[in-house]
Amino acid sequence: MFRNQYDTDVTTWSPAGRLFQVEYAMEAVKQGSASIGLRSKTHVVLACVNKAQSELSSHQRKIFKVDDHIGVAIAGLTADGRVLSRYMRSESINYKFTYESSLPVGRLVVQLADKAQVCTQRSWKRPYGVGLLVGGLDESGAHLYYNCPSGNYFEYQAFAIGSRSQAAKTYLERKFETFDRASREELIKHALFAIKETLQGDKLTSSICTVAVVGVDEPFQVLDQQMGASDLGAAPMEE
């Protein structure tokens, strides 16, 4: 596991110019259960796989509400995701109290990225081992961002993170040109198809999948246990 003792703390660079602890945090995101996000001009849909540790335990929540216009889906260490979602919620409340308006999604993402980056330059800290898909609407429209443990952030039309996310990315890359003008229902169906790709043949049911949506005149809401694989059969779409 040790790489010539260059991974003993986060501030030690390897001769190749790498921070191994940051890479370990990014690997934790890859090992987490899959989460995906996609957006149109009017809506953002987040979806995730509810992966229980054993048959005797319940799953941990992977989608969190930040504000009426912002939500987040995570992959990686759920505990780190809860801490960051509480931070985002606090920042959103403080902004609304101070300015009497909703916090722009892009500004919140920058603040989140700055918080994550500080953990890569303090020897007594460790990077957050979680990736976040932040979806929301503001005056400039619908937005979907990915926040990396390294402190980088990127805006996407659609993206997938977590275990076996490459299969979902392949599906999203084939369909993303239609997302911009897609309706709310079509976005949800595409999200379910993308999640299904990560299951590698397992049956998609409402018990292992959570979907959330936010849109124009529609506050962020989680559709947990309200839809599942049966919805795919009710209104089939062409692959």
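Residues numbered from 1 in each chain as written. Predicted model: local features only at pLDDT ≥ 70, side-chain atom pairs only at ≥ 80, totals over all residues. Heavy atoms only, no water.

Under the annotation held in an unreviewed UniProt entry, the protein chain carries the name Proteasome subunit alpha type and is attributed to Chenopodium quinoa. Within the UniProt record for the protein chain, the comment given under Function (unreviewed entry) is "The proteasome is a multicatalytic proteinase complex which is characterized by its ability to cleave peptides with Arg, Phe, Tyr, Leu, and Glu adjacent to the leaving group at neutral or slightly basic pH." (UniProt positions renumbered as here; feature names shortened; annotations may be inferred.)

**Q** Residues and numbers for the layout of surface pockets, please.
**A** Roughly 250 Å³ of internal volume is contained in the largest pocket. Looking at the largest pocket, it is lined by 14 residues, and the ones nearest its centre are Ser33, Lys51, Gln53, Gln60 and Thr78. A breakdown of the residues in the lining of the largest pocket according to their chemical character gives two nonpolar, ten polar and two charged. (1 Å grid on protein atoms, 1.4 Å probe; cavity = no way out; pocket = protein on both sides within 12 Å on 5 of 7 lines; lining within 4 Å. Points joined across faces, edges and corners; volume = space filled by probe spheres on them. Nonpolar A, V, L, I, M, F, W, Y, C, P; charged D, E, K, R; others polar.)

**Q** Give a detailed account of the UniProt feature "domain: Proteasome alpha-type subunits" (unreviewed entry) in the protein chain, specifying residues and quantitative values.
**A** Per the UniProt entry, the sites bearing "domain: Proteasome alpha-type subunits" (unreviewed entry) are residues 6-28 in this numbering. Measuring from the first to the last C-alpha atom of residues 6-28 gives 19 Å, for a span that is 39% helix and 0% strand. (Helix = DSSP H or I, 4+ residues; strand = E, 2+ residues; numbered from the N terminus.)

**Q** I'd like to hear about the pairing of strand E1 (residues 35-39), residue by residue, with values.
**A** Sheet faces and side chains relate simply in a regular strand, where the side chains alternate between the two faces. Here E1 lies mainly inside the structure; five of its five residues are buried. The alternating pattern of E1 places Ser35, Gly37 and Arg39 and Ile36 and Leu38 on opposite faces, both of which are buried. Here five bridges tie E1 to strand E2 (residues 43-49), and the two strands are oriented antiparallel to one another. The residue of E2 that forms the bridge with Gly37 is Leu46. Counted along the chain from E1 to the antiparallel partner E2, the turn is three residues long. (Buried < 20%, exposed > 50% of the residue type's maximum accessible area, 1.4 Å probe, protein only. Pairing = 2+ DSSP bridges.)

**Q** An account of helix H5 (residues 184-198) is requested, with residue identities and associated values reported.
**A** Along its 15 residues, H5 runs 22 Å from first to last C-alpha, staying within 8% of the 21 Å computed at 1.5 Å per residue. By the burial criterion, the buried members of H5 are Leu187, Ile188, His190, Ala191, Leu192, Phe193, Ala194, Ile195 and Thr198. Looking one or two residues past H5, Gln200 carries a phi angle of roughly 55°, positive in sign. (Expected span 1.5 Å × (residues − 1).)

**Q** Give a description of the side chain of Asn147 that names residues and reports values.
**A** On the secondary structure map, Asn147 appears in strand E6 (residues 141-147). At a separation of 3.4 Å, a polar atom in the side chain of Asn147 contacts the main-chain carbonyl oxygen of Val109. (Polar contact = N/O pair within 3.5 Å; in protein donor to acceptor, adjacent residues only side chain to side chain.)

**Q** How would you sum up the environment of Gly136? Please name residues and give values.
**A** Tracing the backbone through its elements, the reader meets Gly136 in strand E5 (residues 130-138). Look at Gly136 and you get buried, because its relative accessible area is 0%. Taking the C-alpha atoms as reference, Gly136 lies 9.3 Å from Gly106; in sequence the two are 30 residues apart. Residues within four places of Gly136 in sequence aside, it is in contact with Val44, His69, Ile70, Val105, Gly141, Ala142, His143 and Val214. (Contact = heavy atoms within 4.5 Å.)

**Q** Give a detailed account of the packing of helix H2 (residues 78-99) against helix H3 (residues 105-118), specifying residues and quantitative values.
**A** One way to put it is that H2 packs onto H3 with a least axis distance of 11 Å and a crossing angle of 135°. Our classification of the angle between H2 and H3 gives oblique. As H2 runs across H3, the sense of the crossing is right-handed. On the side of H2, the interface is formed by Leu84, Tyr87, Met88, Glu91 and Tyr95, while H3 contributes Arg107, Leu108, Gln111, Leu112 and Lys115. Of the residues contributing to the contact of H2 with H3, the split by class is six nonpolar, one polar and three charged. (Axes fitted to C-alpha atoms, helices over the stretch in contact; angles between N-to-C directions. Parallel < 35°, antiparallel > 145°, perpendicular 65-115°, else oblique. Left-handed = near helix turned anticlockwise from the far one by under 90°.)

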